[in-house]
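Coordinate analysis (summary)
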Amino acid sequence: MDRRRWTDAAARAEPLAEAGQKVMADSECKPLRLVVGASKRSWAAQLYASGRSKWVTLGDASLLSVKDARRRAAQLALDFAATGAAAPKPKTMDLEAAWSATVEEAKRRGRSERTVNWYAEMRRNHLKPFERRPLDSITRREVREWHAKVGRNKGPAAADGALRTLSAIYGVAFRIDDGLPANPCAAVTAFGSAKREVDVEPADFARVADSINTLNNVTSRAFLRIAMLTGLRPGIEIRTLTWADVDLDAMVLRLRAPKGGAERAQALPMTTQAARELAELPRIAGSRWVFASSRVDGPIVVPRLPLAGAQTYDLRRMFRSAAFDAGVAEDRVKVLLNHKLSGSGNVTDRYLTVRAESVRGDAQKVADHIDGLVAEGRLTQRVSAEKM
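Reading guide: rules and limits
- Residues numbered from 1 in each chain as written.
- Predicted model: local features only at pLDDT ≥ 70, side-chain atom pairs only at ≥ 80, totals over all residues.
- Heavy atoms only, no water.
- Helix = DSSP H or I, 4+ residues; strand = E, 2+ residues; numbered from the N terminus.
- Areas by Shrake-Rupley, 256 points an atom, 1.4 Å probe, with all protein chains shown as cover.
- Pairing = 2+ DSSP bridges.
- Salt bridge = Lys/Arg side-chain N within 4 Å of Asp/Glu carboxyl O.
- Buried < 20%, exposed > 50% of the residue type's maximum accessible area, 1.4 Å probe, protein only.
- Phe/Tyr/Trp six-rings, centres within 6.5 Å; stacked < 30°, edge-to-face > 60°.
- Lys NZ or Arg CZ within 6 Å of the ring centre and 35° of its normal.

Notes on the overall build of the protein chain
From N to C terminus, the protein chain includes 14 helices and eight strands. For the protein chain, the exposed area adds up to about 20800 Å²; of that, 50% sits on carbon and sulfur atoms.

Details of the sheet that holds strand β8 (residues 266-269)
Here three strands make up an open sheet; going across it, the order is β6-β7-β8 and the pairing antiparallel. Each edge of the open sheet is held by one strand with a lone partner, namely β6 (246-247) and β8. For strand β7 (residues 252-255) and β8, the ladder comprises four bridges, and the chain directions are antiparallel. The residue bridging V252 from the neighbouring strand is P269, located in β8.

Digging into the pattern of salt bridges
For the structure on display, the rule yields 18 salt bridges. Where R332 meets D362, a salt bridge forms, and the shortest distance between an N and an O atom there is 2.8 Å. Residue R332 is found in helix α12 (residues 330-336), and its partner D362 is found in helix α14 (residues 360-387); the two are separated by 30 residues along the sequence. Residue D362 is classed as buried on the basis of its relative accessible area of 16%.

Let's talk about unusual backbone geometry
Unusually for a residue other than glycine, M251 sits at a positive phi of about 60°. In this structure, M251 sits in the loop between β6 and β7.

Thoughts on the packing of aromatic side chains
Applying the stated rule across the entire model yields four aromatic pairs. For the pair W118 and Y119, a centre-to-centre distance of 5.3 Å together with 70° between the ring planes defines the contact as edge-to-face. Residue classification places Y119 among the partly exposed positions, given a relative accessible area of 25%. Here the aromatic rings of Y170 and F174 are separated by 6.1 Å at their centres, their planes lie at 45°, and the arrangement is tilted. One end of the pair is Y170 and the other is F174, both in helix α6 (residues 156-174) and four residues apart, which spans about a single turn. Judged by its relative accessible area of 31%, F174 falls in the partly exposed class. The side chain of R283 reaches across the aromatic face of W243, ending 3.8 Å from its centre. Between R288 and the ring centre of W289, over which it is positioned, the NZ or CZ distance is 4.1 Å.

Put into structure tokens, the structure is as follows:
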């Protein structure tokens, strides 16, 4: 039997079998085997004791590291030799190990740093009751009660976010550990949140623009104006902009790590209004961030829209409404908003990466229309005030 000292890279690069299976041993851990079929590479343990033998599948080699496979194979071999009976059922992964695998999978698939950090925050704040627990020991009832408790204490949004995180961890673990039962998160009904549909009137743009002008902090004012003029996501796309992403000569903004990860990165056109805001924005010496904090080496916290009942993310919704009102086609609005294009069966069609120039006219059209709506709204407000 072929015996090698396997590494993760070597195991994942081993050519698939043209027919049947290839079985190769590990020179460092005697019972460990790499089993390569026509479509999959798996780790397994071949156990021997007192004339008996037993095979135990450990998991997918593309997800289970060789280090963990060696550890599990060695422990199974000791247990098999000690019991004098059939190999005991291997223990399933615990939450900590599954979490490590989830992070590695997210990085391998090019998920953005913000997405990984969001999952980490959910785990740190809400998954402590399940830490170090074997995944097959976590019951549906426990998850239901835990989800309800987080909802009562932290709110429905936090509870649903934590539930999605736990479910994602199970999703990765299922591809590694064949011994897991059904995902206990499937038995839980999320609180959900009503989808906000904003019907924007001209006066709304005027009120928003005027409220932004009341802010004393020039960086916060520019941040919110850019959000209104571009429709970019405040936290993921605007806050993380660096000066290396801003090309004032070519009039282009580069989104390097937007929602959805590196595969959604693209360049978007900069309108004359956005270029003016950024050109006039004071820079903090030594900081790479466009919207830099004056207190710490990093970007500012996303500023709140100083308007009762409004949220900063509403600026993105308002941009979308203004784009449609200006007559921009839906597929081009999706490009400007860096939205996933749904309804396509072709993977290459689901994400549209285009040259900035192809939608520059549309972006400028929307920004000009927003300026017009602000002016119209202010005029309406003056007329109404004069009639009173």
